[in-house]
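Coordinates in review
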Amino acid sequence: MNIWFTEEQSSSLRLSLKIKDVLYSVKTPYQNLVVIDTEQYGRALVLDDIVQTTEKDEFFYHEMITHVPMFTHPNPQRVLIIGGGDGGVVREVLKHRSVQQVTLVDIDEEVIKASKLFLPTISSGLSNPIVDIVCTDGIKFIKEKKDFYDVIIVDSTDPIGPAVGLFNKDFYTNTFEALKKDGILTVQSESPIINKNITVDIFKTIKDIYPLTYMYTGIVPTYQGGLWCFTLGSKLYNPLKTSINDFKLETKYFNPDIFKSCFALPSFIKIML
Ligand code: AG3
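It should be emphasised that the depicted structure is a prediction, and the values quoted were computed from it without experimental measurement.

1. Quick notes on the side chain of E63
Within the secondary structure layout, E63 lies in helix α1 (residues 58-72). The side chain of E63 is buried and forms no salt bridge, while K95, the nearest opposite charge, is found at 4.6 Å. At 2.7 Å, the side chain of E63 forms a polar contact with the backbone nitrogen of Y253. If we skip the residues at most four places from it in the chain, E63 touches V68, E92, T251, K252, Y253 and F254.

2. Some points on the packing of aromatic side chains
The tally for this structure, following the rule as stated, stands at 17 aromatic pairs. Judged by centre distance (6.0 Å) and plane angle (80°), the rings of Y214 and F263 are edge-to-face. You can see Y214 sitting in strand β11 (residues 212-219) and its partner F263 sitting in the loop between α8 (256-261) and α9 (267-270), a full 49 residues away along the chain. Residue class for Y214 comes out buried when judged on its relative accessible area of 17%. Residue class for F263 comes out buried when judged on its relative accessible area of 11%.

3. Focus: the site of the ligand
Every one of the 14 residues lining the ligand counts as a neighbour, but H62, D86, D155, S156 and D158 are closest to it. One of the side-chain N or O atoms of D86 is found 2.5 Å from a nitrogen atom in the ligand. S156 is positioned with one of its backbone polar atoms (N or O) 2.9 Å from a nitrogen atom of the ligand. Burial of the ligand by the protein amounts to 98% of the accessible area it has alone, namely 400 Å². Taking a 2 Å distance to the grid points as the criterion, the majority of the atoms of the ligand fall inside the largest cavity. Mapped onto the shell around the ligand, the elements with two or more residues apiece are β5 (50-54) and α1. It is β5 that provides the largest number of residues to the shell around the ligand, a total of three residues. Along the lines of polarity and charge, the residues of the shell around the ligand split into five nonpolar, five polar and four charged.

4. Considerations on the sheet that holds strand β10 (residues 179-188)
Reading across the sheet, the seven strands line up as β8-β7-β6-β9-β10-β12-β11 and stay open at both edges, with mixed pairing between neighbours. This sheet does not close on itself; its edge strands, each paired only once, are β8 (131-134) and β11. The average undirected angle you get between the axes of adjacent strands in this sheet is 15°. The pairing of strand β9 (residues 149-155) with β10 spans five bridges and is parallel.

5. Some details on the domain arrangement of the chain
Taken domain by domain, the chain comprises domain 1 (3-54) and domain 2 (58-270). A separation of 23 Å is found between the C-alpha centroids of domain 1 and domain 2. Contacts between domain 1 and domain 2 engage 21 residues on the former and 22 residues on the latter. For the domain 1 and domain 2 pair, buried surface summed over both sides reaches about 2,000 Å², with 66% attributable to carbon and sulfur atoms. A per-residue breakdown of the area domain 1 buries against domain 2 is headed by Q9, Y30 and T53, which together make up 25% of the total. If you look at where domain 1 meets domain 2, you find zero salt bridges. Counting every contact that joins domain 1 to domain 2 gives six residue pairs in polar contact (both at pLDDT 80 or more). Elements that contribute at least two residues to the side of domain 1 that touches domain 2 include exactly β1 (3-10), β2 (13-27), β3 (32-38), β4 (42-47) and β5. Residues of the side of domain 1 that touches domain 2, tallied by class, amount to 13 nonpolar, seven polar and one charged.

How each quantity is defined
Residues numbered from 1 in each chain as written. Predicted model: local features only at pLDDT ≥ 70, side-chain atom pairs only at ≥ 80, totals over all residues. Heavy atoms only, no water. Helix = DSSP H or I, 4+ residues; strand = E, 2+ residues; numbered from the N terminus. Buried < 20%, exposed > 50% of the residue type's maximum accessible area, 1.4 Å probe, protein only. Lys, Arg positive; Asp, Glu negative; His and termini not counted. Salt bridge = Lys/Arg side-chain N within 4 Å of Asp/Glu carboxyl O. Polar contact = N/O pair within 3.5 Å; in protein donor to acceptor, adjacent residues only side chain to side chain. Contact = heavy atoms within 4.5 Å. Phe/Tyr/Trp six-rings, centres within 6.5 Å; stacked < 30°, edge-to-face > 60°. Near = heavy atom within 4 Å. Areas by Shrake-Rupley, 256 points an atom, 1.4 Å probe, with all protein chains shown as cover. 1 Å grid on protein atoms, 1.4 Å probe; cavity = no way out; pocket = protein on both sides within 12 Å on 5 of 7 lines; lining within 4 Å. Sits in = over half its atoms within 2 Å of the grid points. Nonpolar A, V, L, I, M, F, W, Y, C, P; charged D, E, K, R; others polar. Pairing = 2+ DSSP bridges. Axes fitted to C-alpha atoms, helices over the stretch in contact; angles between N-to-C directions. Domains from an automatic or database assignment. Buried area = accessible area lost by both parts, 1.4 Å probe.

The following block contains the structure:
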């Protein structure tokens, strides 16, 4: 069989994955959802023709978006995840023993259902009793919350379709208000190579609201350009002054050295900020 899935990463860049099987396909009220099995990266969750995560490279992204804010906060107990219906961030958050309550807010319950059925290694945390799953629009959900969370992680799709409102000043201001006085926000911030305007806009918008704002990078092989940005906005704790002692988590990418080095930005990113 020689069948390929191709994602158009930009008008002049494509990612092609050789397919073993198409496991599931559904049109949800929000997007087209497909789960494919690929030779290179195992099963992949594809939303509106864009690869969101794959079994074999999900750990790069999920570990980086989660453990950087979770280790910057000295005692994260209440965590809110917006997006992330596949459960990868939930699984990583649950590795932290301080955590008492995790709320996952994803607009599309079909993502949660499909991930539970077809991506068990990613979605394993979704059935943990301390995880509360709310299928609603994160933009509305966040408006109701004040002074409540220690860490908020925004694991969104690209800023098109239902996710557009997760990238603007009002939304980031609402996250600020939903966090406790020492809370931390982290958001996925796209490719600094293919979508540099978006990456820079996210950083600058968050910097206008949060007293301490840092960009950091990680590698995600299936995302455009490979190098991926994350923005961390903090009310009090400075990640550059935080060191991890006695690291015991089981991880495949993140470790105390990566925690220190991920904030060191390549020059082409530094000059854009
Ligand atoms: N969220 C970020 C996906 C961005 C991918 N963009 C792209 N491939 N064009 C991923 C959700 C994983 N939990």
